[in-house]
Amino acid sequence: MSAPNNSYDPVEVNALHPDEVARMRQEALDAIARASSLEELKEVRIAHAGDRSPLALANREIGALPPAARADAGRRVGGARREISEALKARQAQLEDERDARVLVEEAVDVTLPYDRIPHGSRHPLTTIGERMADIFVGMGFEIAEGPEVEAEWYNFDALNFLPDHPARTMQDTFFVAGPNGGESGMVLRTHTSPVQVRAMLDRELPVYVVVPGRTFRTDELDATHSPVFHQLEGLVVDEGITLAHLRGAIQVFVEQMFGEGLRTRMRPSYFPFTEPSAEVDMECFVCRGASVGNPDAPCRTCSSEGWIEIGGCGVVNPRVLVAAGVDTERYSGWAFGLGIERTLMFARGVKDMHDMVEGDVRFTAAFGMEM
Ligand code: DAH
């Protein structure tokens, strides 16, 4: 700052000359108008309104003027600085508006675009419904048992009391595994999960409470209701004092947990070589609960208006099977059951065609999600 100037001559303080103040003001207003971004405007603010801007420096010189000239110079410099500050504010608001409008366009998110270009698969409904079925038995204290898919004929047939000439052994039903020179190997692709009954009894300490979910094979052509590869859930109990009543109870608990409380079950006499007596198990239709029977006005597609749905086979384990597995038949008895998992998926979820289950179209699988 210059020393006080008593011989009044404003022209001597160059920076405060009216033309000079007007020039600095105009320069600042031009620069503000030219600033085309908020960053540029920031620099303009420092250069023309900051502590070291020409007008700020000129302002400091006012004190150096004789008192009579200070008011006039102060008005001119102050007026210029206020105008510049207002122009800065207006330009700032304008540039912010422009930026906001631009961001709305440039950073817009199209929420209708697919969020995931590589869709995740889903677990197959046969897997999830098989697990759900097995889980209900696990809840009753059963363990999960497994066995090989390529199985010895002895486990698949002989130990289960299929005599050598039993029709199920013939080439029509069974995939035989060829031996070394195309001869016999004594191995088959298991035609049911029942051989795991024998394995469980041989491998485990008694008593045995197991369920066996697994893949099974038969020489069927693929059609709407058959597949050469399918799945079963086998159950086996061997303990002291076991009766058919326990089997009735376990099936009843399974049906009520899987399909709904209060649904009735029934058994119809049947035949399997490995059980005696044997039965087919039916459950009351969980859709119509029998209301469609003899009522053509309200037909039921789930049970074909029969009121009952067949869910599988069962029976008291034939003592011959217990003997083949080394179980003391004086002390122990047991029962077994076999449920078809494809069949269960068909009536439980309304799947009409076996092709849908085996073709691997992700649209079929995804529709079931992960929930079942
Ligand atoms: N293994 C039989 C089949 O594949 C199903 C079956 C019936 C299993 C009765 C059982 C049973 O354990 O007791 O047709």
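Reading guide: rules and limits
Residues numbered from 1 in each chain as written. Predicted model: local features only at pLDDT ≥ 70, side-chain atom pairs only at ≥ 80, totals over all residues. Heavy atoms only, no water. Pairing = 2+ DSSP bridges. Helix = DSSP H or I, 4+ residues; strand = E, 2+ residues; numbered from the N terminus. Axes fitted to C-alpha atoms, helices over the stretch in contact; angles between N-to-C directions. Near = heavy atom within 4 Å. Polar contact = N/O pair within 3.5 Å; in protein donor to acceptor, adjacent residues only side chain to side chain. Areas by Shrake-Rupley, 256 points an atom, 1.4 Å probe, with all protein chains shown as cover. Phe/Tyr/Trp six-rings, centres within 6.5 Å; stacked < 30°, edge-to-face > 60°. Buried < 20%, exposed > 50% of the residue type's maximum accessible area, 1.4 Å probe, protein only. Lys NZ or Arg CZ within 6 Å of the ring centre and 35° of its normal. Disulfide = S-S within 2.5 Å. Domains from an automatic or database assignment. Salt bridge = Lys/Arg side-chain N within 4 Å of Asp/Glu carboxyl O.

## Section: the sheet that holds strand β3 (residues 176-178)
Working definition: the strands of a sheet are paired by backbone hydrogen bonds and lie parallel or antiparallel to each other. Pairing within the open sheet is antiparallel, and its 3 strands lie in the order β2-β4-β3. Where the open sheet ends on each side, the last strands, each with one partner, are β2 (150-152) and β3. In this sheet, neighbouring strand axes are inclined to one another by 50° on average, regardless of whether the strands run parallel or antiparallel. The sheet contact formed by β2 and strand β4 (residues 184-189) spans 3 bridges and is antiparallel. Paired with E151 across the bridge in β4 is V188.

## Describing the site of the ligand
Taken together, 15 residues lie near the ligand, and H192, S194, R218, Q232 and E234 sit nearest. Note that a nitrogen atom of the ligand is positioned 3.0 Å from one of the side-chain N or O atoms of H192. The backbone of F337 places a nitrogen or oxygen atom 3.2 Å from an oxygen atom of the ligand. Bound to the protein, the ligand loses 89% of the 350 Å² it would expose on its own. Breaking the shell around the ligand down by element, the ones donating at least two residues are β6 (229-239), β9 (308-317) and β10 (333-340).

## Topic: the packing of aromatic side chains
Evaluated as defined, the whole model comprises 14 aromatic pairs. An angle of 45° between the planes, with centres 6.4 Å apart, marks the rings of F142 and W335 as tilted. Taken together, the positions of F142 in the loop between α5 (125-139) and β1 (143-144) and W335 in strand β10 put the pair 193 residues apart, joining distant regions of the chain. Summarising the aromatic geometry, the rings of F162 and F274 are spaced 6.0 Å apart at their centres and angled 35° between planes, so their arrangement reads as tilted. With a gap of 112 residues between them, F162 in the loop between α6 (153-156) and β3 and F274 in the loop between β7 (265-272) and β8 (275-284) connect regions that are remote in the sequence. Each member of the pair, F162 as well as F274, carries the same accessibility label: buried. A connected cluster of aromatic rings, assembled from ring pairs, spans F137, F142, Y209, F254, W335 and F337. One cation-aromatic arrangement involves R199 over Y155; the distance from NZ or CZ to the ring centre is 4.0 Å.

## A word on the state of the cysteines
A covalent bond between the sulfur atoms of two cysteines is what we call a disulfide. Taken as a whole, this structure holds 0 disulfides when the rule is applied. C303 provides the cysteine sulfur closest to C285, a residue in no disulfide bond, and the two sulfurs are 3.7 Å apart. The structure places no disulfide on C300, whose sulfur is separated from the nearest cysteine sulfur, that of C303, by 3.7 Å. Residue classification places C300 among the buried residues on the basis of a relative accessible area of 7%.

## Quick look at the domain arrangement of the protein
Per the domain assignment, the segments making up the protein are domain 1 (10-106) and domain 2 (125-366). Summarising the inter-unit geometry, the C-alpha centres of domain 1 and domain 2 are found 91 Å apart.

## Some details on the pattern of salt bridges
What the rule picks out here adds up to 17 salt bridges. A salt bridge links E20 to R23; the shortest N-O distance between them is 2.6 Å. With E20 and R23 both in helix α1 (residues 18-34) and 3 residues apart, the pair spans about one turn of that helix. Residue E20 is classed as partly exposed on the basis of its relative accessible area, which comes to 26%. Residue R23 is classed as partly exposed on the basis of its relative accessible area of 39%. Put simply, R76 and D72 hold a salt bridge, and the shortest N to O gap is 3.3 Å. Taken together, the residues R76 and D72, both in helix α4 (residues 67-106) and 4 residues apart, mark about one turn of the helix. The class of D72 is partly exposed, set by a relative accessible area of 36%. In the salt-bridge network here, residues are joined through shared partners; they are R266, R268, D282 and E310.

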